[in-house]
Amino acid sequence: MNRAPGLEAPQHPLLQWLAQHITAPRLLWLLALLCFLIAWNRGIALLYGLLALILALLLVSWVLPGWMMRGLQVQRQVLGNAVAGGAVRLRYRFAGRRPVFYLHIREQLPGTEQADGHFLAQIRPGDELTLSYATPQRGVFTLPPVQLSCAWPFGFIERQLPATGPGLELLVWPQWFPVRQLPQPATDNPVMEGADSFLSRGAHSEFAGVRPYRDGDSMRLVHWAASARQQQLVVREFHSYDTPSWLMIVDAQAGNTLGQGADTTFEYALQIAASLLHYAQENHLRLTLVISGRQPLRLTLEPGTRDLRDHLDALARVTDDGDTPYAQMIQQELAALQEQPVLLTVRRSSQPLAVTPRGGHLDVVYADDSFVHPLQHYPEGWRTLQPGLLQLQLHRRSQLAQIFASGKGAL
């Protein structure tokens, strides 16, 4: 028999209310009350026996979980590195007097409204266990004490162990994505980043010396005479105008950020910064990253750097609490440099910016209106405004991983 569509919708709020308020313990108490009232009025002895059985069931369900968790202690530590949008692994080590059954373990992770938990059928003293939790937000957080609860043996009543012990510091790196290529804004004989050799035809470069061979170096750059003298492979190193260094400046002035939580222009800028760090590491590039917070952060990645943990730890700790205007910070950084790097900026569309760096400029611009009306259509992709100035138009729903990983719009 088919159910009329008009009768199904009004039942949802009632079913939702029943599922929320009529729990197993409340239902048992309601049955106990009904048995008592009927037995008291009718004098049915069997109902008194049923009442005693229900009360005994409730008592056992209340006492045994607390007894089971007496003396239970847990230690935890963070394994590996947590990345926003990924997962963090926590290792637990349990200590207690006896095995614990039907144990629930819950953690309140940053950026989540409700605690995320796992159900463990049995835990013995001395057991070690590794569990994963989602980490949607970048930053440095102190996790509250772990929440432990038990519903053994019947699952009707869940007793929670009082929270004890110190919090746990959790460092979450910004999310990053693979960058396939970046457009080169230089107007004189442009060479794409990541080329095998700086000695391309017509390239402007000069010999700077030799250095030890690193994985990924072209064999055409090996200095065989110097390698024979030093008994190790060394390569020629050049200063090149066709593969300049990069300078990225992130706006961290207080009040300039659009969006909420992990979806803000500041967080998106840090995602791009973390991705460029990996890109520069893989392609042996020099990248300088400046974040204009209250305590300005300056990170420099030299060619050949193998470990980014210190850089990513610093990005995890930064906040948008600066007081220096973005345009002023850019002018200060360009004036302090003797070289002419490629400048990369990330700003809002309503944020004016008038700079003319000689090394070229990649200007990433987020549409302000997309954070108010995200479902509307906004332009997206690279465009050339003038020689040496390229602009990447983005909006609230832009998929950075797809744009940079696929090279979409790269010139």
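Above this text you will find the structure in question.
In what follows, the accompanying structure is described. Values in this document were obtained by computation on a predicted structure and should not be read as measured data. (Residues numbered from 1 in each chain as written. Predicted model: local features only at pLDDT ≥ 70, side-chain atom pairs only at ≥ 80, totals over all residues. Heavy atoms only, no water.)

### Examining the packing of helix H3 (residues 24-42) against helix H4 (residues 45-68)
Describing two packed helices takes the angle between their axes plus the distance from one axis to the other.
Here is step 1 of the chain: The interhelical angle for the contact between H3 and H4, taken along N-to-C directions, is 155°, at an axis separation of 9 Å. With respect to their mutual orientation, H3 and H4 come out roughly antiparallel. Where H3 crosses over H4, the two elements pack in a sense that is left-handed. Across the interface between the two elements, Pro25, Leu28, Trp29, Leu31, Ala32, Cys35, Phe36, Ile38, Ala39 and Trp40 of H3 pack against Leu47, Tyr48, Leu50, Leu51, Ile54, Leu55, Leu57 and Leu58 of H4.
Here is step 2 of the chain: Partitioned by chemical class, the residues of the contact of H3 with H4 number 18 nonpolar, no polar and no charged. (Axes fitted to C-alpha atoms, helices over the stretch in contact; angles between N-to-C directions. Helix = DSSP H or I, 4+ residues; strand = E, 2+ residues; numbered from the N terminus. Parallel < 35°, antiparallel > 145°, perpendicular 65-115°, else oblique. Left-handed = near helix turned anticlockwise from the far one by under 90°. Contact = heavy atoms within 4.5 Å. Nonpolar A, V, L, I, M, F, W, Y, C, P; charged D, E, K, R; others polar.)

### As for the nonpolar core
Here is step 1 of the chain: Core analysis: the largest hydrophobic core is formed by 47 residues, its most contacted members being Met248 and Leu315.
Here is step 2 of the chain: When residues in this core are grouped by element, the largest group, 11 residues, is from helix H6 (residues 265-282).
Here is step 3 of the chain: Sequence-distant contacts of Met248, that is, excluding residues within four places in its chain, are made with Ala269, Ile272, Ala273, Leu276, Leu287, Thr288, Leu289, Val290, Leu344 and Val346.
Here is step 4 of the chain: Membership of the second largest hydrophobic core comes to 26 residues, among which are Val100, Tyr133, Leu143 and Leu168. (Core = buried A, V, L, I, M, F, W, Y, C linked by side-chain atoms within 4.5 Å. Buried < 20%, exposed > 50% of the residue type's maximum accessible area, 1.4 Å probe, protein only.)

### Quick notes on empty space enclosed by the protein
Here is step 1 of the chain: Tallied over the full model, the rule gives 4 cavities of 30 Å³ or more.
Here is step 2 of the chain: In this structure, the largest cavity encloses a volume near 110 Å³.
Here is step 3 of the chain: As for the largest cavity, its lining consists of Val250, Asp251, Gln253, Asn256, Thr257, Thr265, Phe266, Ala269, Val346, Arg347, Arg348 and Gln351.
Here is step 4 of the chain: Every element with two or more residues in the lining of the largest cavity is listed here: H6 and strand E18 (342-348).
Here is step 5 of the chain: Here the lining of the largest cavity is composed, by residue class, of 4 nonpolar, 5 polar and 3 charged.
Here is step 6 of the chain: In this structure, the second largest cavity spans a volume of roughly 40 Å³.
Here is step 7 of the chain: Lining the second largest cavity are Leu182, Trp246, Leu276, Tyr279, Ala280, Leu285 and Leu287.
Here is step 8 of the chain: It is H6 that contributes the most residues to the lining of the second largest cavity, 3 residues altogether.
Here is step 9 of the chain: For the lining of the second largest cavity, the residue count by class is 7 nonpolar, no polar and no charged. (1 Å grid on protein atoms, 1.4 Å probe; cavity = no way out; pocket = protein on both sides within 12 Å on 5 of 7 lines; lining within 4 Å. Points joined across faces, edges and corners; volume = space filled by probe spheres on them.)

### Points about the packing of H6 against helix H7 (residues 309-317)
Here is step 1 of the chain: Relative orientation of the contacting elements H6 and H7 amounts to 175°, with a least axis distance of 11 Å. In terms of orientation, H6 and H7 fall into the roughly antiparallel class. Judged by residue contacts, Leu270, Ala274, Leu277 and His278 of H6 engage His311, Leu312 and Leu315 from H7.
Here is step 2 of the chain: Of the residues contributing to the contact of H6 with H7, the split by class is 5 nonpolar, 2 polar and no charged.

### Some details on the environment of Gln386
Here is step 1 of the chain: By secondary structure assignment, the location of Gln386 is in strand E20 (residues 381-386).
Here is step 2 of the chain: The exposure class of Gln386 is partly exposed, given its relative accessible area of 43%.
Here is step 3 of the chain: Residues Gln386 and Pro185 lie 201 residues apart in sequence; the distance between their C-alpha atoms is 9.6 Å.

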